[in-house]
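Below are the chains, spelled out letter by letter.
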Amino acid sequence: RVYEEPSRLHASVRDMMGYTNTLVGESRRSLADSLPVCWLDGVNINKSLAEQKAIVDRAFRTAREASALHEEFEQLTDEALKDMKRHYREDNAEAGSQGGLAAALKVQMEGGPK
């Protein structure tokens, strides 16, 4: 986070007058490149990494592109976000599929890969 100092006044005078540092902005770094491979969609933990190299590379490339710096950002409305989540849940329910994390957790709960 980057703050702008309120004034060059002595600290005691600044405090007495109620001046505080003003947040100018912040930078957030994506951790997508740091995710465990088994959390990635499409990865099967029962197959070797070599067999799934293309899937893993594509997932990391997509994550890097999604986290790249954008000149502008448009926040989703609450309604659009709810609609997106509903479609995602419906698609997964229809396909009977589970994401990489859900599949990994299921395997762990069942005692590990067979």
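Look above for the structure.
Summary of the structure given here. Computed from a predicted model, the values in this text were never measured in an experiment. (Residues numbered from 1 in each chain as written. Predicted model: local features only at pLDDT ≥ 70, side-chain atom pairs only at ≥ 80, totals over all residues. Heavy atoms only, no water.)

Moving on, we come to the overall build of the chain. Across its full length, the chain holds 4 helices and 2 strands. When the helices and strands of the chain are placed in sequence order, the string is β-α-β-α-α-α. Across the 114 residues that make up the chain, the buried fraction comes to 11%. Relative to all contacts within the chain whose residues are 6 or more apart in sequence, the contacts with residues 24 or more apart total 36%. Accessible area for the chain stands at about 9900 Å²; split by element, carbon and sulfur atoms hold 54% of it. (Helix = DSSP H or I, 4+ residues; strand = E, 2+ residues; numbered from the N terminus. Buried < 20%, exposed > 50% of the residue type's maximum accessible area, 1.4 Å probe, protein only. Contact = heavy atoms within 4.5 Å. Areas by Shrake-Rupley, 256 points an atom, 1.4 Å probe, with all protein chains shown as cover.)

In this section: the environment of alanine 68. Mapped onto the secondary structure, alanine 68 falls in the loop between α2 (53–66) and α3 (78–95). Distance from alanine 68 to serine 30, taken between C-alpha atoms, is 8.8 Å for residues 38 residues apart in sequence.

With that settled, the discussion passes to the pattern of salt bridges. Under the counting rule described, the total for this entry stands at 3 salt bridges. With its nearest N and O atoms 2.3 Å apart, the salt bridge here joins arginine 86 to aspartate 83. Residue arginine 86 and its partner aspartate 83 are both found in helix α3; the two are separated by 3 residues, about one turn of the helix. Measuring nitrogen to oxygen at the nearest pair gives 3.2 Å for the salt bridge that ties glutamate 90 to arginine 86. Highlighted residues: glutamate 90 and arginine 86, both in helix α3, separated by 4 residues, approximately one helical turn. For glutamate 90, a relative accessible area of 34% translates into the label partly exposed. (Salt bridge = Lys/Arg side-chain N within 4 Å of Asp/Glu carboxyl O.)

Next up on the list: α2. For an α-helix, the turn length of 3.6 residues means that residues three or four places apart are oriented alike. A rise of 1.5 Å per residue sets the reference length of α2, with its 14 residues, at 20 Å; its end C-alpha atoms lie 20 Å apart and thus fit the reference within 8%. Buried within α2 we find Val56, Phe60 and Ala63. The buried residues of α2 occupy an angular sector of 60 degrees when the element is viewed end-on, so they sit on one face. Structural note: α2 exposes Ala54, Glu65 and Ala66 on the side pointing more than 90 degrees away from its buried face. (Expected span 1.5 Å × (residues − 1). Arc of directions from axis to C-beta.)

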